[in-house]
Amino acid sequence: MQTFQTLGLAPDIFKAISAMGFEIPTPVQAKAIPQLLASDQDLIAYAQTGTGKTAAFSLPIIQKLNMEDGRIQALVLCPTRELCIQTSNEIKKFIQFMPNVSIVSVYGGDAKEKQLRSLKSGAHIVVGTPGRVHDFIRSRQLNFSAVRWLVLDEADEMLSMGFKDDLDAILSTTPNEKQTLLFSATMPSEMQTIVRTYMRNPIEINAGTQNVSAENIKHLYSVVKATDKYAALKRILDVNPDIYGIVFCRTRMDTKEIADKLIEDDYSADALHGDLSQPQREHVMKRFRAKQLQVLVATDVAARGLDINNLSHVIHYYLPDQLETYIHRSGRTGRAGKSGVSVAIITGRDKQKIQAIEKSAGIKIAQKDIPTGSEICEKRLLHFVDNIHQIEVEEAQIAPYMLEMENRLKDISKEEIVKRLAFVEFNQFLNYYRNAIDLNVGASSAKPIKERGEKGKRQERTAFSRFFINLGQRHQLDPGKLIKLLNKEMEGSGFEIGKIEILRNFSFFEIDSNYEQNVIKAFRDANWNGEPISVEVSKDKAPSSQSSGDRGDRGREREFRPRRDRDNKRSNTDSRNAAPSNFKKKKKSKFSNNFA
Ligand code: AMP
């Protein structure tokens, strides 16, 4: 096995990478470093982010810099501002014991003046985005006449982001006598043109495909109806309480909508898309990096340059059209020797795409069912139990309350405490999934109950109970007033409402059948203008023919959000114990206002 000692690196560099904890070179480093130290031949390396490519190209460059020359000797082009910052930060660590080496990064979205001042004070290495570098070349504020190395980092990404013209301009400005190093995960045809035009007899290194290989990444797909995609996503999140992943969408709109729904449903999620300002974008990425967010919903473009090594999951909410994009996305998990899961939520018609990806990428993408409600509940309960088993209690924090707690629980057996603890923690979760249907297309047990959900707010389908109420048109009841009444008596506690039928002397309404008893209880002592209200579960079928003009159709599919049990409340930054979606936030009822 090759080690860093055998690669021929200078002592100061070796000291720096040892301090960084690098012990064994990654495949791209093992191949590229000796080659670049020994030769000036151009080089193409197939390597993705996360394969250690920054060290692969920068260590030999640092070692070969001419310290007598204060001009810019190396130019590294990266597709995004984030990648620029990451790359230059990484290089700064490599030169931590070489105080005379200087590096400056230049990218869009930041003041030019500041960057120019840094450049003027001298830089051996410039890391920049093509747009900003081209700007500086045009305004003659950057002189690359002494450049000896030009690195195109994530070259395919730069092209797909539309930097072709900038790259052409930069490549044709820099001196002919330089070594060009191109790092890319894929080789689209546009890049072949660049290679033919600007590179001479490049040597090729292939070291970056391990990220999509079957050993590191489990590739899965699940088939659901288009309308069930969001519910399927939630189930994937629910069955993986420790998930740390990216959900890939196609457009900004999708990204925003799905992230908004997840946030609304109290998942630890946020969106990354092109409409965010730079500070917003940085804020989201910082939170995600710090694991304050478990799920990032992102477009492919926005996720570029986001270098996170330990994602557990990549979820393709929509499959991409390009194989390269699938590879890029999936390669974001299973890095640094860890295993990861890439799961595509598809509809039946996408199956062909799956086969095409399998064939072109040479991987197996296995079909996996979206878990059933009971599978999710079991997984969550056991996860909860395992947490109890493993958690290290801070004695000092809990000690002052122990005696009183023990006192209060002394008449209850251990079994009973376990049972009650699980119930307190999971009551709503279990209820939510109790009647959940099988979402898998083609699954034999799929029993489509009526589909519910506000516009743009599709929920798990709910089974409803029908209730009789002794109030009707005669009592000036209409659907709006009935919803207001339900809100009042049930304290806006968030149940889903189904159909409402207002008749002359009495009415019917539907509510999520899990909450039958809550409804009965809520109306026990209720009154309407002083008259006692009677509410019963109705066993009759909906008397559609008898309904008044307004059958309450507009009142259907309104969602009541149940009051969140205060004891169950979780921080938004930790959704590991998050109850399922529509059992989350306490909301003042908005439904009465919505009612037209
Ligand atoms: P890169 O692909 O250059 O963005 O590197 C991805 C991550 O892997 C960075 O955080 C590096 O610090 C880290 N890394 C690179 N090479 C090694 C290595 N040989 N051993 C351990 N970590 C490494």
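For the structure, check the block above.
The structure displayed is predicted, hence computed values, not measured ones. (Residues numbered from 1 in each chain as written. Predicted model: local features only at pLDDT ≥ 70, side-chain atom pairs only at ≥ 80, totals over all residues. Heavy atoms only, no water.)

Taken together, 15 residues are adjacent to the ligand, and Q29, G50, G52, T54 and E90 come closest. Within the backbone of G52, one N or O atom sits 2.7 Å away from an oxygen atom of the ligand. Between the ligand and the protein, one listed contact pairs an oxygen atom with a side-chain N or O atom of E90 at 2.7 Å. For the ligand, the accessible surface in isolation is 490 Å², of which the surrounding protein chains cover 77%. Split into classes, the residues belonging to the shell around the ligand amount to four nonpolar, eight polar and three charged. (Near = heavy atom within 4 Å. Polar contact = N/O pair within 3.5 Å; in protein donor to acceptor, adjacent residues only side chain to side chain. Areas by Shrake-Rupley, 256 points an atom, 1.4 Å probe, with all protein chains shown as cover. Nonpolar A, V, L, I, M, F, W, Y, C, P; charged D, E, K, R; others polar.)

Counted under the stated rule, the structure contains 25 salt bridges. For D300, the salt bridge goes to R329, with nearest N and O atoms at 2.7 Å. Taken together, the residues span a long stretch of sequence, with D300 in helix 13 (residues 300-303) and R329 in helix 14 (residues 323-330) at a distance of 29 residues. Counted as one network, the salt bridges with shared partners bring together K53, D153 and E154. (Salt bridge = Lys/Arg side-chain N within 4 Å of Asp/Glu carboxyl O. Helix = DSSP H or I, 4+ residues; strand = E, 2+ residues; numbered from the N terminus.)

Moving on, we get to the sheet that holds strand 6 (residues 179-184). Taking strand neighbours across the sheet as the criterion, the seven strands line up as 3-4-2-5-6-1-7 in an open arrangement whose pairing is parallel. Strand pairing shows two members of the sheet lacking a second neighbour, strand 3 (103-106) and strand 7 (203-206), which therefore form its edges. Within this sheet the neighbouring strands show an average axis-to-axis angle of 15°, counted without direction. The pairing of strand 1 (residues 43-46) with strand 7 spans four bridges and is classified as parallel. Within the sheet, the bridge partner assigned to I44 lies in strand 7 and is E204. In this fold helix 2 (residues 27-38) packs onto strand 1, strand 6 and strand 7, with an angle of close to 160° to the strand it touches most, strand 7. The strands touched by helix 3 (residues 53-64) are strand 2 (74-77), strand 4 (125-128), strand 5 (149-152) and strand 6; relative to strand 6, the strand with the most contacts, the crossing angle is about 165°. (Pairing = 2+ DSSP bridges. Axes fitted to C-alpha atoms, helices over the stretch in contact; angles between N-to-C directions. Contact = heavy atoms within 4.5 Å.)

Okay, the pairing of strand 19 (residues 507-512) next. For strand 19, a buried count of six out of six residues is recorded, marking the element as mostly surrounded by other parts of the structure. When strand 17 (residues 464-469) meets strand 19, the two strands line up antiparallel, connected through six bridges. Across the sheet, the residue bridging to R466 is E510, located in strand 19. Here four bridges tie strand 18 (residues 496-502) to strand 19, and the two strands are oriented antiparallel to one another. Its bridge partner being in strand 19, I500 is matched across the sheet by F509. Hairpin connection between strand 18 and strand 19: a loop of four residues separates the two successive antiparallel strands. (Buried < 20%, exposed > 50% of the residue type's maximum accessible area, 1.4 Å probe, protein only.)

Core analysis: the biggest nonpolar cluster contains 38 residues, and L9, L59, I62, I125, V127, L181 and F183 have the highest contact counts within it. If one sorts the elements of this core by residue count, helix 3 sits on top with six residues. Contacts of V127, omitting those with residues within four sequence positions, involve V76, C78, C84, T87, S88, I91, I103, V104, S105 and V106. Residues V133, L142, F144 and I194 belong to the second largest nonpolar core, which totals 31 residues. (Core = buried A, V, L, I, M, F, W, Y, C linked by side-chain atoms within 4.5 Å.)

In this section: the side chain of H273. With respect to the element layout, H273 can be found in the loop between strand 10 (269-272) and helix 12 (278-289). What makes H273 buried here is its relative accessible area of 5%. Aside from chain neighbours lying at most four places away, what touches H273 is R252, T255, K256, T299 and A302.

The subject of this paragraph is the sheet that holds strand 8 (residues 217-223). Taking strand neighbours across the sheet as the criterion, the seven strands line up as 10-11-9-12-13-8-14 in an open arrangement whose pairing is parallel. Where the open sheet ends on each side, the last strands, each with one partner, are strand 10 and strand 14 (366-367). Lying on the sheet, helix 11 (residues 252-264) is in contact with strand 9 (245-249), strand 10 and strand 11 (295-299); it crosses strand 11 at an angle near 165°. Packing of helix 12 onto the sheet brings it into contact with strand 9, strand 10 and strand 11, and relative to strand 10 it is tilted by some 135°.

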